[in-house]
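# Close look at the chain arrangement
Listed below, chain by chain, are the residues.
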Amino acid sequence: MVEADHALMSTYPRLPVAFTHGEGAWLWDEAGNRYLDALCGLAVTGLGHAHPAVTTAVAEQSQRLLHTSNLYRIPVQEQLGERLCALTGQEKVFFCNSGAEANEAALKIARLYGHQHGIDAPTVVVMEGAFHGRTMATLTATGNPKVQAGFEPLLSGFMRVPYNDAAALRDLRAERTDIVAVLLEPVQGEAGIVVPDPDYLRQVREICDARGWLMMIDEIQSGMGRSGKWLASEHAGVSADVVTLAKALGNGVPIGACLARGEAANVMQAGHHGSTFGGNPLACSAALAVLDTIESENLLDNAAQMGEVIVTRLREKLAGVNGIREIRSLGLLLGIELQLPCPELVQRALDRGLLINVAQGNVIRLLPPLIIDREQAGQIADILAVLVREFLSDAEPAT
Ligand SMILES: *Cc1c(COP(=O)(O)O)cnc(C)c1O
């Protein structure tokens, strides 16, 4: 393939393939090869590609009106806000255009909340291994030195504790009166699909309640049905004070949302925050079509069931294979951790017509679409099991 990306900043190492179109769980490249998409552009196209409900909503809205401004009422934004609040148990929404922006809004809410409580230098507790985005505040919140290197000085007002360790959070002594909020993912995606203990989020909720801290949950990767529920935090029976969404919310049309309830819902007032594009008619129409479709096609149940199909099949086909550390999942968030780094599996899977990702160097990450059927779920597991077996037997020293 020709080197045609010389005008683009080298922010991504790009695989040598370009897709021309898609349908459902399938994508086609320029040469006409077909691929099973078990990645969804990183948890974005939950309804698969070219879903007619989204396509129609985008086409119709674009023929009427793309953009006005938040200086005017936008009925489709109001409607989406109400629907999202009803589905998540939240009360108010700020719309933006990406995950990082949704988290920026959450962090600004936390700081305002602090100042309104007489705290001059509010601190947000964040987690080791966390990923919250690439803007200055969100990369500061991110618990990965690679994301931060070269961008110092980072922001002040953050402190870090280990993930899945309620005791570490409880041990932050009461004299830390500057703490205003805890920001965390219900499942750490970029860290390699790290699923915390069943009781962890509930304990974090209790600690936040006892100390008057806002519990802010980043559901950007785990939300919108991927876990088998609208929000992954529902599995723990926990309701946050602030929830952030993006990725799958518009099925590929850029949109993010920061939702809040209780006191957190009312700290933002006119002039505090804004976004030119945030919540524009096009993005909101797409998101409404996404919500309708998840409901009408019963995709929460499907995500839970297909996640089980993939995990069960993988465990079956990889039973007794040396070199697999752990298989973790919640719905259609799936991670297969190997003992060895395996970044080359991405290209090898591509060669076999399967799109996957490797996180942390040694965790195969699968984020298939919610619309996937039993046969496709089986195919993903079958192709992957062969690839993993081959990879691990190649890697084994000859005896
Ligand atoms: C992807 C992601 C983000 C950042 O979203 P962008 O739209 O890339 O800014 C934040 N948090 C989590 C958990 C994510 O997976």
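That block above? That's the structure.
What you see is a predicted model, and the numbers here were worked out from it, not measured in a lab. (Residues numbered from 1 in each chain as written. Predicted model: local features only at pLDDT ≥ 70, side-chain atom pairs only at ≥ 80, totals over all residues. Heavy atoms only, no water.)

With an omega dihedral of 5°, the bond running from Glu152 to Pro153 counts as a cis peptide bond. Following the sequence through the fold, Pro153 ends up in the loop between α6 (145-148) and β6 (158-161). Positive phi, normally seen in glycine, also occurs at Cys40, with a value near 60°. Among the secondary structure elements, Cys40 is positioned in helix α1 (residues 40-43). You will see that Met224, though not glycine, has its phi angle at about 60°, which is positive. As for its position among the elements, Met224 is in the loop between β8 (214-218) and β9 (242-245). Met224 gets classed as buried once you look at its relative accessible area, which sits at 4%. (Helix = DSSP H or I, 4+ residues; strand = E, 2+ residues; numbered from the N terminus. Buried < 20%, exposed > 50% of the residue type's maximum accessible area, 1.4 Å probe, protein only.)

Looking now at the nonpolar core. Inside soluble globular proteins, nonpolar side chains tend to come together where they are buried. Grouped together as the largest cluster of nonpolar side chains are 95 residues, with contacts concentrated most on Leu184, Leu338, Ile364, Leu366 and Leu384. Among residues more than four places away in sequence, those in contact with Ile364 are Leu334, Gly335, Ile336, Leu338, Cys342, Leu345, Ile356, Asn357, Val358, Leu384 and Val388. Membership of the second largest hydrophobic core comes to 24 residues, among which are Leu112, Ile119, Leu183 and Val242. (Core = buried A, V, L, I, M, F, W, Y, C linked by side-chain atoms within 4.5 Å. Contact = heavy atoms within 4.5 Å.)

Residues in close proximity to the ligand include Ser98, Gly99, Ala100, Asn103, Phe131, His132, Gly133, Glu185, Asp218, Ile220, Gln221 and Lys247, which together make up its full environment. For the ligand, an oxygen atom lies 2.7 Å from a polar atom in the side chain of Gln221. In isolation the ligand offers 380 Å² of accessible surface; the protein chains occlude 81% of this area. If you tally residues by element for the shell around the ligand, the top one is helix α4 (residues 99-116), at 3 residues. (Near = heavy atom within 4 Å. Polar contact = N/O pair within 3.5 Å; in protein donor to acceptor, adjacent residues only side chain to side chain. Areas by Shrake-Rupley, 256 points an atom, 1.4 Å probe, with all protein chains shown as cover.)

Attention now moves to the pattern of salt bridges. Pairs can form between side chains of opposite charge once their charged atoms are near each other. Inspection of every chain in the model, using the stated rule, returns 17 salt bridges. A salt bridge links Glu78 to Arg73, with the nearest nitrogen and oxygen atoms 2.8 Å apart. Its relative accessible area of 35% is what places Glu78 among the partly exposed residues. Judged by its relative accessible area of 64%, Arg73 is exposed. The partner of Glu295 in a salt bridge is Arg83, with the nearest N and O atoms 3.3 Å apart. With Glu295 in helix α9 (residues 281-296) and Arg83 in helix α3 (residues 75-88), this residue pair connects regions lying 212 residues apart in the sequence. Taking the relative accessible area as the measure of exposure, Glu295 reaches 43% and is therefore partly exposed. (Salt bridge = Lys/Arg side-chain N within 4 Å of Asp/Glu carboxyl O.)

What follows concerns α9. With 16 residues, α9 extends 22 Å between its outermost C-alpha atoms, agreeing within 8% with the 22 Å of an ideal straight helix rising 1.5 Å per residue. The buried count for α9 comes to 12 of 16 residues, which makes it a mostly enclosed element. Every buried residue belonging to α9 is among Pro281, Ala283, Cys284, Ser285, Ala286, Ala287, Leu288, Ala289, Val290, Leu291, Thr293 and Ile294, and all of these are buried. Of the residues flanking the start of α9, the one acting as N-cap is Asn280, its side-chain oxygen 3.0 Å from the backbone nitrogen of Leu282. (Expected span 1.5 Å × (residues − 1).)

Read these as layout, nothing more, since geometry by itself doesn't imply function.
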